[in-house]
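# Structure at a glance
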Amino acid sequence: MGPWIPAFLAAALVAQVPPSGSAVEGRLRRDVAFLASPGLQGRGNGYPGLDQAAEHVLQTWKELGLKAQIQRFPFVAKVVREAQGALLTHGEEARPLVWGRDIEAIGYSGDADFRMKPLAFAGYGVHIPGGYDDLAGLEVKDHVVVIARTLPDTEAFAHLPRGERSLLARVKRLQAGRAAAVLVLEDGPARPLQREEGPVKLDIPVLSLSTGALGDACGDLQARLQAIRNTGTPASQDFIYAPWTTLTLKLRLRREEAQVPNVVALIPGRDPRLRKECIVIGAHLDHLGLGERHSLGGAEARGQVHPGADDNASGAALVLELGRELKQARPRRSILLMHFGGEEEGLLGSSHWIQHPTHPLESVKFMLNFDMVGRLDPAAPKLLMGGLGAPKAALEAAKKLAPEGFSISGDVGAAVGGSDHMAFSQAKIPTFFFFTGVHGEYHRPTDTADRINVAGMAALAAYGRTVALDLADADTLPAFDPDTAKVVLPGAGGPMRVAFGTLPDYADNPRGFRINGVSRGSTAEAIGLQAGDIIISFGGRPVKNIYDFMDALGAHKPGDKAVVRWLRGDQTMQAEATLKGRS
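Within each chain, residues carry numbers counting from 1 in the order of the written sequence. Where totals are concerned, whole chains, interfaces and linings use all residues; where local detail is concerned, this predicted model gives features only for residues with pLDDT of at least 70, and gives and counts side-chain atom pairs only at 80 or more. In computing side-chain properties, one takes all heavy atoms of the structure into account and sets aside hydrogens as well as water.

## Examining the overall build of the chain
- Runs of H or I in DSSP of at least four residues are treated as helices and runs of E of at least two as strands, each being numbered from the N terminus. Of the regular secondary structure elements, the chain holds 13 helices and 23 strands.
- Just to be clear, the radius of gyration here is over C-alpha atoms, and the globule rule we use is 2.2 Å times residues to the power 0.38. What you see for the chain is a C-alpha radius of gyration of 26 Å, in line with the 25 Å of a compact globule of 583 residues.
- In terms of principal-axis extent, the alpha carbons of the chain reach across some 80 × 55 × 45 Å.
- Out of the 583 residues belonging to the chain, those deemed buried represent 58%.
- Taking contacts inside the chain between residues at least 6 apart in sequence as the whole, the part at least 24 apart equals 79%. Only protein chains enter the accessibility calculation, which uses a 1.4 Å probe. A residue is then buried if its area is under 20% of the maximum for its type, exposed if over 50%, and partly exposed in between. The contact rule is simple, with two residues in contact once any of their heavy atoms fall within 4.5 Å.

## Let's talk about the side chain of H143
- Note that H143 resides in the loop between β4 (112-121) and β5 (144-148).
- A relative accessible area of 4% means that H143 is categorised as buried.
- Any N or O atom pair separated by 3.5 Å or less is treated as a polar contact, with the protein-specific requirement of one donor-capable and one acceptor-capable atom, and with residues adjacent in sequence counted only for side-chain atom pairs. Here K141 takes part through its backbone oxygen, which lies 2.9 Å from a polar atom of the side chain of H143.

## Here we look at the nonpolar core
- Residues belong to a common nonpolar core when they are buried Ala, Val, Leu, Ile, Met, Phe, Trp, Tyr or Cys residues joined through side-chain atoms within 4.5 Å. Ranked by size, the top nonpolar core spans 69 residues in total, and within it W61, I281, L368, F432, F434 and Y463 carry the most contacts.
- V144, A148, L209 and L214 belong to the second-largest nonpolar core, a separate cluster that totals 42 residues.

## Describing the pattern of salt bridges
- Every case where a carboxyl oxygen of Asp or Glu lies within 4 Å of a side-chain nitrogen of Lys or Arg is listed as a salt bridge. A full pass over the atoms with the stated rule returns 29 salt bridges.
- Where R30 meets D31, a salt bridge forms, and the shortest distance between an N and an O atom there is 3.7 Å.
- Exposure remark for D31: the relative accessible area of 0% places this residue in the buried category.
- Within this structure, R27, R30, D31, E321 and R324 form a network of salt bridges that share partners.

## A word on the pairing of strand β21 (residues 561-568)
- The pairing criterion is simple: DSSP has to find at least two bridges between the two strands. Sheet topology note: the strand β19 (residues 534-538)/β21 ladder contains four bridges and is antiparallel. Bridging from a neighbouring strand, F538 pairs with V564 of β21.
- Judged from the eight bridges that link them, β21 and strand β22 (residues 571-578) form a sheet pairing that is antiparallel. Counterpart to R568 in the pairing with β22 is Q571.

## Some remarks on helix α3 (residues 48-63)
- Helix span, as expected, comes to 1.5 Å for every residue beyond the first. With 16 residues, α3 extends 23 Å between its outermost C-alpha atoms, agreeing within 8% with the 22 Å of an ideal straight helix rising 1.5 Å per residue.
- Three or more residues of α3 are buried, namely G49, L50, A53, A54, H56, V57, L58, T60 and W61.
- On the buried face of α3, the contacting elements are α2 (23-35), β1 (67-90), β9 (245-267), α7 (309-329) and β11 (334-340).
- Positive backbone phi, at 80 degrees, marks G65, one or two positions downstream of α3.

## What to know about unusual backbone geometry
- Residue D311 is joined to N312 through a cis peptide bond whose omega torsion reads 0 degrees.
- Residue position: N312 is located in helix α7.
- You will see that K428, though not glycine, has its phi angle at about 65 degrees, which is positive.
- In this structure, K428 sits in the loop between α10 (421-426) and β15 (431-435).

## Considering the packing of aromatic side chains
- Aromatic rings from Phe, Tyr and Trp, taking only the six-membered ring of Trp, are treated as a pair when their centres fall within 6.5 Å; an angle between ring planes under 30 degrees marks them as stacked, one over 60 as edge-to-face, and anything in between as tilted. Counted under the stated rule, the structure contains 11 aromatic pairs.
- Between F366 and F432 the ring centres are 4.7 Å apart and the planes differ by 65 degrees, which places this aromatic pair in the edge-to-face class. Pair noted here: F366 is in strand β12 (residues 364-370) and F432 is in strand β15, with a separation of 66 residues, a long-range link.
- Residue F432 is classed as buried on the basis of its relative accessible area, which comes to 0%.
- Pairing F433 with F435 gives two aromatic rings, centres 5.8 Å apart and planes at 15 degrees, and the pair type is stacked.

## Focus: the environment of S350
- Topologically, S350 is positioned in helix α8 (residues 348-355).
- The buried category is assigned to S350, whose relative accessible area is 0%.
- In sequence terms S350 and R195 are 155 residues apart; their C-alpha atoms lie 20 Å from each other.
- Setting aside residues up to four positions removed in sequence, S350 forms contacts with F340, G341, D420, A423 and F424.
- In terms of polar contacts, S350 uses its side chain to reach the backbone carbonyl oxygen of L347, at 3.3 Å.
- A distance of 2.6 Å separates the side chain of S350 from the side chain of D420, its partner in a polar contact.

## What about the packing of α2 against α3?
- Two numbers describe how α2 lies on α3: the axes approach to 10 Å, and their chain directions differ by 155 degrees. Here α2 is positioned roughly antiparallel relative to α3, judged by the angle of their axes. On the side of α2, the interface is formed by D31, F34 and L35, while α3 contributes Q52, A53 and H56.
- Broken down by class, the residue content of the contact of α2 with α3 amounts to three nonpolar, two polar and one charged. Here an axis means a line fitted to C-alpha atoms, over the contact stretch when the element is a helix, while the angle between two N-to-C directions is reported on a 0 to 180 degree scale. Any angle from 65 to 115 degrees is called roughly perpendicular, while one under 35 is roughly parallel, one over 145 is roughly antiparallel, and all others are oblique. Under this grouping Gly is polar, as are all residues other than the nonpolar Ala, Val, Leu, Ile, Met, Phe, Trp, Tyr, Cys and Pro and the charged Asp, Glu, Lys and Arg.

## Things to note about the pairing of strand β7 (residues 206-209)
- Residue alternation in β7 divides its side chains into two sets, V206 and S208 and L207 and L209, and both sets are buried.
- Two elements, strand β3 (residues 103-105) and β7, share three bridges in a ladder whose sense is antiparallel. Opposite A105, over in β7, you have L207 as the bridge partner.
- Direction of pairing for strand β6 (residues 181-185) relative to β7: parallel, over a ladder of four bridges. By the bridge assignment for β7, V182 is matched with V206.

## Considerations on α8
- A large share of α8 lies buried, amounting to seven of its eight residues.
- Structurally, α8 contributes buried residues whose contacts are with β1, β9, β11, β12 and α10.

## Looking at the environment of A179
- With respect to the helices, strands and loops of the structure, A179 is situated in the loop between α5 (167-176) and β6.
- Take A179: its relative accessible area is 5%, and that puts it in the buried class.
- Separated by 319 residues in sequence, A179 and V498 place their C-alpha atoms 28 Å apart.
- The residues contacting A179, other than those within four sequence positions of it, are V140, K141, D142, H143, V145, L174 and I204.

## Thoughts on the packing of α5 against helix α13 (residues 546-554)
- Taken N-terminus to C-terminus, the directions of α5 and α13 make an angle of 80 degrees; their axes are 10 Å apart at the nearest point. On the basis of the axis angle, α5 is roughly perpendicular to α13. On α13, the residues that touch L168, A169, K172 and R173 of α5 are Y547, D548 and D551.
- Each residue belonging to the contact of α5 with α13 can be placed in one class, and the counts come to three nonpolar, no polar and four charged.

What follows is the structure in structure tokens.
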């Protein structure tokens, strides 16, 4: 650490902002305008527009004489019903449910073909040992379980553990209880069928149900939910008894796969000794397409182009500019320039590259990530900068290189935002994250190119160039700091009572939840877990992915003992862990 900081500060030292109306501004304006243009239809994953954006980036690198390539990875772009049928029976009466109106599959639903399975109402599907419990005394095995999607904002639900809050966590508990299916009661109409974040496919059918789809076949469920909200007491009921209520269901889904692009280019370093080491400069290229998922614009925004000018045409354009300037600067270390797909769907592109690197992963010594860097306030320019896996001293040193009048708010650790740098940090690569803040157009059709502060982007490009060159030209680099790499795992939100200390691999793994490492001094380290291990069971619960793991972890409290089973190569291992509270 010591040798690096003086070299970092000694280099030429403060970023020089280009004059207004410069060629840099012109190039940035042109690239943002193209990437956020209506013709690219929001650069959605699986959309042709994202491929056009990738080709634009690739062509730019080739015109600069750089060796560049497109790396592709699979992505479920669309889920389609191939066969369906739903018949609701109440006593002697039977009526079909209308698909797309009364009932619809949820994207991660499994297929089904069964007759007359009894319904059971399980409130919100929440189970807290020793606390609120919708499942207490209720038989869910071989039942079609009805639960409400939206948790109430009342005292009884205010402090639910992380593993209890998300719909997926609640559904997976019912799957573990061998429910035949789950019907998710909506606050309004059934939701349209679309890809969902999380696992590609569950083992049981999961369906969205409109508010009035069941009629009075299960009594007045809205009154039951209101009673739960008023009293904080479960009101579950099994409808297996006369007049029984059953569902006959047939469902077969087809998942259409797209190949989503990452774009990678290399600026070779000039130093024979250091050129085998790389600094990654990256930004995600994808956005929300037509707003089918993740749009904050409401129902009226669905189907509209979400241009994503700030998120993240700005970062993508800034990396293009840095590539132009760094090629001319000829740094000592090599520079890997990366544009990722799949970020909006869960860091898919960066996680894929970490698992399938186009250049040796051990050669990557630092990563700079630019995400939403187009809305610098002209009156009070302030950059939000984070260091995930980077020593705090390194971040403080980088902040001193900012141009005059340029304010930087910096922090290390979990507070620095969720973007592609997280995948690199989990691979034990120190990172800096650059971000100008959230605004009212975020994830809306109004995030357009005319709102971008191009002069501010030019200033950020100058600062990014300075930071990149000081890293690329330093004799030694800051080492990965595991204490600043701790992140809040994606999950359901709410308090998590125990800490375990795994560094997650966000990519899907067919065998379980793969980890990229463990935190120093953690429970995971104490029981012998290592990078590359695949957790398959926690506390007696099967673990197929990070969501299962979070669900299992969230069901425990400090002091609990849990048997953990994992795969290391072809060997199955296990140990008993005594869980610690969060510090």
